[in-house]
Amino acid sequence: MKSTVKKSQIIRGDAVAELRKFSSAVFDLTVFSPPYDQLRDYDGYTLDLHALGAELFRVTKDGGVVVMVIQDQTCDGKKTLTSFRTILDWCDNIGFGLFECNIYQKQGKDGAWWSKRFRVDHEYMPVFVKGGKPRHFDKTPVKIPSKHAGKVMHGGANRNKDGITVDSRRMTINPTKCPGTIWNYANGGDKVALKRQHPAAFPDKIPYDFIRVFTRKDDAVLDPMVGSGSTAVAAHLLGRKYIGIDISRAYCDLTVARIAAMQSNLAPGFKNAKPPPAISPETAPGAALRASVFDRAASNHQPATRHRNQPPHHHG
Ligand SMILES: C[S@@+](CC[C@H](N)C(=O)[O-])C[C@H]1O[C@@H](n2cnc3c(N)ncnc32)[C@H](O)[C@@H]1O
């Protein structure tokens, strides 16, 4: 049983099975996106979102937070409601509270062929908390500039419960303000060549922002389906310890390669990292880090294929 996260690791294996090897109350924050509604076939693996929720609840510290990034597939013209069902299940049957349900608004979501429906340019980001309230919450790093910074304006006119209106106050507008619950990010692979090898990555900036709000330096961050390594990369940049798990050997290698590219300074900011011809234990960069990939799954799984001109986008 692993009772603390002493060093960061990428672990190859099934998320639920691997989490069972950790003691209870180990992680401060989890940021992840599950495969859902059979949108993609990750080598035939299926996922029990209830079992995953139960394990995540157990391994999360009291006051720890779990952020899930999820959308619903459309079947026969109707949404599957997997996201809403999962939120209700995790709160009603597992014990999480819903701290908030933020929205990931995707910039640049193309829409030429959306003739029969609205163009879906968002995903849900339910923020689950274990226990009463988050053990750490600091929104300063994600504050946004105020449009009217420095101006003196009227505001704060609220209506009391009894219907009486409280007078508005004159106030000087602060330079920055609370970010709200709709978070806007560029869609796609962050212009990172390595990352674009994964078909359903979310922007690195999503875990980067949640990590800054909900954790302190050296806290332990988890992504049980680490994919292209977005959460691991963000945790690494911010000096947090991290555990990343993925069923796919190729995606574990991809994550290790991205972190190695950052560490070796071969690619400053990892933005210009050149993709290896094929990700394999022999050819991927970062051999030094390979020792930290725990090879636990039974067989070697390759990533789902994607047409070379098809842009990567996040959709579990
Ligand atoms: C939506 S992707 C996650 C993408 C990731 N958030 C990123 O930004 O790159 C889902 C990932 O779950 C992995 N996966 C599927 N079933 C799994 C399982 N049972 N245990 C662990 N990982 C699994 C897939 O290999 C895939 O990389």
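Residues numbered from 1 in each chain as written. Predicted model: local features only at pLDDT ≥ 70, side-chain atom pairs only at ≥ 80, totals over all residues.

1. Remarks on the overall build of the protein chain
Keep this limit in mind: Under the DSSP-based scheme used, a helix requires at least four consecutive residues in state H or I and a strand at least two consecutive residues in state E, with every element numbered from the N terminus. With C-beta atoms placed from the backbone, a residue is buried if 20 or more other C-beta atoms are within 10 Å of its own, exposed if 12 or fewer are, and partly exposed between those counts. Each residue gets a C-beta atom placed from its backbone, and two residues are in contact if those atoms lie within 7 Å.
What the protein chain contains, in helices and strands, is 7 helices and 15 strands. Buried positions account for 39% of the 316 residues belonging to the protein chain. Long-range contacts, defined here as pairs at least 24 residues apart, represent 73% of the contacts in the protein chain between residues at least 6 apart.

2. So, the packing of helix α5 (residues 230-237) against helix α6 (residues 249-263)
Let me state the cut-off plainly: In this description, a line fitted to the C-alpha atoms serves as the axis of each element, helices being fitted only across the stretch in contact, and the angle between N-to-C directions of two axes falls anywhere from 0 to 180 degrees. What sets the label is the angle itself: under 35 degrees gives roughly parallel, over 145 gives roughly antiparallel, 65 to 115 gives roughly perpendicular, and the rest give oblique. Crossing handedness follows the turn of the near helix against the far one: under a right angle anticlockwise gives a left-handed crossing, and clockwise gives a right-handed one. Note that Gly is not counted as nonpolar here; it falls among the polar residues with everything else outside the nonpolar set of Ala, Val, Leu, Ile, Met, Phe, Trp, Tyr, Cys and Pro and the charged set of Asp, Glu, Lys and Arg.
Two numbers describe how α5 lies on α6: the axes approach to 9 Å, and their chain directions differ by 25°. Judged by the inter-axis angle, α5 sits roughly parallel to α6. The way α5 lies across α6 gives a crossing that is right-handed. Residue-level contacts link A232, V233 and H236 of α5 to T255, R258, I259 and M262 of α6. Of the residues that constitute the contact of α5 with α6, the class distribution is 4 nonpolar, 2 polar and 1 charged.

3. A word on the site of the ligand
Our working definition: Working rule for contacts: place C-beta from the backbone, and if it is within 6 Å of a molecule or strand, that residue counts as near it.
Residues in close proximity to the ligand total 21 residues, the closest being A201, M225, G227, S228 and S230. Looking at the shell around the ligand, its residues break down into 12 nonpolar, 7 polar and 2 charged.

4. Comments concerning helix α2 (residues 49-59)
Worth spelling out the cut-off: Within this analysis, the arc is defined by the directions that extend from the helix axis to the C-beta atoms.
Those residues of α2 not exposed but buried are L52, G53, E55, L56 and V59. Projected down its long axis, α2 shows its buried positions confined to an angular sector of 165°, all on one face. Close packing links the buried residues of α2 with α1 (15-19), β2 (27-32), β3 (60-68) and α3 (82-94).

5. Focus: the nonpolar core
Which entries qualify depends on this criterion: Residues enter a nonpolar core if they are buried, belong to Ala, Val, Leu, Ile, Met, Phe, Trp, Tyr or Cys, and are joined to the set through C-beta atoms within 7 Å.
Core analysis: the biggest nonpolar cluster contains 58 residues, and L29, V65 and V67 have the highest contact counts within it. By residue number, the principal contributor to this core is α6, which donates 9 residues.

6. As for the environment of D48
Locating D48 in the fold gives a position in the loop between β2 and α2. Considering only alpha carbons, one finds D48 and P34, 14 residues apart in sequence, at a separation of 9.9 Å.

7. Examining the environment of G150
Topologically, G150 is positioned in the loop between β8 (144-145) and β9 (152-155). The exposed category is assigned to G150, around which 9 C-beta atoms lie within 10 Å. With 21 residues separating them along the chain, G150 and M171 place their C-alpha atoms 9.4 Å apart. In contact with G150, other than residues within four places in its own chain, are T172 and I173.

8. Side note on the packing of α2 against α3
Here α2 crosses α3 at 50°, and the two axes come no closer than 10 Å. Classified by the angle their axes make, α2 and α3 are oblique. Crossing angle aside, the handedness with which α2 passes α3 is right-handed. The residues of α3 that touch α2, namely those facing L49, H50, G53, A54 and F57, are T86, D89, W90 and I94. Class assignment for the residues of the contact of α2 with α3 results in 5 nonpolar, 3 polar and 1 charged.

9. Quick notes on the pairing of β2
Applicable threshold: Strands qualify as paired when DSSP identifies two bridges or more between them.
Counting buried residues in β2 gives 6 out of 6 residues, a clear majority hidden from the surface. Examined bridge by bridge, β2 and β3 share 5 bridges and lie parallel to one another. Among the inter-strand pairings, T30 is bridged to a residue of β3, identified as V66. By the bridge criterion, 2 bridges tie β2 to strand β13 (residues 220-223) in an arrangement that is parallel. Pairing of L29 across the sheet is with V221, part of β13.

10. Here we look at helix α4 (residues 205-214)
Those residues of α4 that fall on the buried side of the exposure criterion are I206, P207, D209, F210, I211 and F214. The inward-facing, buried residues of α4 abut β2, β3, β6 (97-107), β12 (182-186), β13 and α5.

11. Description of the confidence of the model for the protein chain
We count it as follows: Summary of the metric used: pLDDT quantifies the predictor's per-residue confidence within the range 0 to 100.
Looking at the protein chain, pLDDT values average 81 and 77% of them are 70 or higher. Segment residues 266-312 is flagged for pLDDT under 50; beyond a separation of four residues in sequence, or across chains, it makes 89 contacts in the model.

12. Concerning unusual backbone geometry
Peptide bonds are, in most cases, trans, and in most cases residues other than glycine have a negative phi. Positive phi, normally seen in glycine, also occurs at A25, with a value near 55°. Within the fold, A25 resides in the loop between α1 and β2.

13. Side note on the environment of E55
By secondary structure assignment, the location of E55 is in helix α2. Residue E55 is classed as buried on the basis of its C-beta count, with 20 C-beta atoms lying within 10 Å. The spatial distance from the C-alpha of E55 to the C-alpha of S24 is 8.9 Å, given a sequence separation of 31 residues. Dropping the residues within four chain positions of it, E55 is found in contact with V16, L19 and R20.

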